[in-house]
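# Descriptive analysis of the structure
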Amino acid sequence: MARYLIVDSRDLTEYTSGRYIQKVAGKLKESGNDVTLFLIENGVIAARKGGEIGKNLSDLSKRGAKVVADDISCRARGITQLAEGITQGSVDQLADLIVEGSDKVIWY
Amino acid sequence: MATATATAPVAAPAKTKKVAIVLATASYQREAPTTVLRLVEKLLQRGVDVNVWAFEEAVTLTNKDQIDHNEPGSLQKVLGEKHPNIGRFIDQLIRAGLHGAKLDWVSCILCVQERGVEKHQMGGAIVGTLGDLWKFIKAADKVICIPTYR
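For the structure given in this document, a descriptive report is provided here.

The next subject is the packing of helix H1 (residues 32–45) of chain B against helix H3 (residues 86–96) of chain B. When two helices pack together, their arrangement is given by the angle between their axes and by how far apart the axes lie. All names here are of chain B. Two elements in contact, H1 and H3, have axes whose closest approach is 11 Å; the angle formed by their N-to-C orientations is 15°. By the angle between their axes, H1 is roughly parallel relative to H3. Between H1 and H3 lies a crossing whose hand is left-handed. Residues Pro33, Leu37, Val40, Glu41 and Leu44 of H1 pack against Ile86, Phe89, Ile90, Leu93 and Ala96 of H3. Grouping the constituent residues of the contact of H1 with H3 by class yields nine nonpolar, no polar and one charged.

The following block contains the structure:
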């Protein structure tokens, strides 16, 4: 089992590859890995409560992946409510994940 | 007869001590340089040495001749008087490394020459070759490649 940290800095709806990064996260989790999807910059747009894509991320979290949204990126975009299963984090948390909480980092 | 189960000691995952970051995005384009600076600051605070390899447009981030322009008068109450340039923040992070974990900021030689900024690189930034990038990657515990996308 490996610990994967996937950092998503893009709006998942803006690029068609956005759906693949969600699939990668899901498949890695299904394969028994520890997966954290950290949303930052425009990546947090998908975390907004009520959005279609937020439901996918909630589903990902129900399947055992951790989904975290960067606080400053959320505030910059006026996102105050997150979809179910998504927690708010910070760059401090991201640094901790890089230093001690992951084996591989994928930045999308 | 009950037998004792031998449990092999599980080694704790090694702590990351060195991170290489590859960045190709300049300021005024994307949020990536700001995010990288936010992250570098936190990594340095945790005692992690950081190598940033800047190439393509990212080599203009360390242009020492950037000017802080005035913000529009009507917005100065919100934004402050001047619009700070990103080179200043990079300079501060490099200087922070004098007394703790170290930041090396290397600008690709081909990219600085193509953009005419080789002689404009600020003190502290190093102009390097792809050989340096290779050594950074080999030496790093983790490599973070920030994607360039349009």
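Residue and element names in this part refer to chain B. The buried fraction of strand E2 (residues 49–54) is high, at six of six residues. Here E2 shows a buried face lined by Asp49, Asn51 and Trp53 and a second buried face lined by Val50, Val52 and Ala54. In the sheet, strand E1 (residues 18–23) pairs with E2 via six bridges, with the strands oriented parallel. Bridged to Ala20 within E2 is Asn51. Where E2 and strand E5 (residues 103–108) come together, five bridges link them in parallel fashion. Pairing of Ala54 across the sheet is with Ser107, part of E5.

Residue and element names in this part refer to chain A. The strand order across the open sheet built from five strands is E4-E3-E2-E1-E5, with neighbouring strands paired in parallel fashion. In the strand order of this sheet, the two ends are held by strand E4 (86–89) and strand E5 (104–107), each with one partner. Put simply, the sheet's adjacent strands are angled 25° from each other on average, direction ignored. Examined bridge by bridge, strand E3 (residues 66–70) and E4 share four bridges and lie parallel to one another. Pairing of Val68 across the sheet is with Thr87, part of E4. Running over the sheet, helix H4 (residues 91–100) touches strand E1 (3–8), strand E2 (34–39), E3, E4 and E5 and is turned about 150° from E2.

Right, let's talk about the pairing of strand E6 (residues 125–128) of chain B for a bit. Along a regular strand, successive side chains alternate from one face of the sheet to the other. All names here are of chain B. Both E5 and E6 contribute to a ladder of four bridges, which runs parallel. Within the sheet, the bridge partner assigned to Val106 lies in E6 and is Ile126. For the crossover from E5 across helix H4 (residues 109–114) to E6, the handedness is right-handed.

This part covers the nonpolar core. Counting residues in each nonpolar core, the largest one holds 66 residues, and the members touching the most others are Ala47 of chain A together with Ile21, Leu23, Val52 and Ala54 of chain B. At six residues, the largest contribution of residues to this core is made by H1 of chain B. Apart from residues lying up to four places away in sequence, Val52 of chain B is in contact with Ile21, Leu23, Val36, Val40, Leu103, Trp105 and Val106 of chain B.

Moving on, we get to the interface of chain A and chain B. Note on interface size: it is often stated as the accessible area lost on association of the parts. Taken together, the contact between chain A and chain B spans 15 residues of the former and 19 residues of the latter. Among the elements of the structure, H4 and E5 of chain A are those that each provide at least two residues to the side of chain A that touches chain B. With seven residues, the top contributor of residues to the side of chain A that touches chain B is H4 of chain A. In the side of chain A that touches chain B, the residues fall into nine nonpolar, one polar and five charged.

Between H4 of chain A and H1 of chain B, whose axes approach to 9 Å, the crossing angle comes to 60°. What the angle tells us is that H4 of chain A and H1 of chain B run oblique. Remark: the crossing between H4 of chain A and H1 of chain B carries right-handed chirality. Contacts from Val91, Asp92, Leu94, Ala95 and Ile98 of chain A in H4 of chain A reach Arg38, Leu39, Lys42 and Leu43 of chain B in H1 of chain B. Here the residues of the contact of H4 of chain A with H1 of chain B sort into six nonpolar, no polar and three charged.

About the thresholds
- Residues numbered from 1 in each chain as written.
- Chains lettered and ligands numbered in written order.
- Predicted model: local features only at pLDDT ≥ 70, side-chain atom pairs only at ≥ 80, totals over all residues.
- Axes fitted to C-alpha atoms, helices over the stretch in contact; angles between N-to-C directions.
- Helix = DSSP H or I, 4+ residues; strand = E, 2+ residues; numbered from the N terminus.
- Parallel < 35°, antiparallel > 145°, perpendicular 65-115°, else oblique.
- Left-handed = near helix turned anticlockwise from the far one by under 90°.
- Contact = placed C-beta atoms within 7 Å.
- Nonpolar A, V, L, I, M, F, W, Y, C, P; charged D, E, K, R; others polar.
- Buried ≥ 20, exposed ≤ 12 C-beta atoms within 10 Å, placed from the backbone.
- Pairing = 2+ DSSP bridges.
- Right-handed = clockwise from strand over helix to strand, strands pointing away.
- Core = buried A, V, L, I, M, F, W, Y, C linked by C-beta atoms within 7 Å.

The quantities given are spatial measurements derived from coordinates; they are silent on function.
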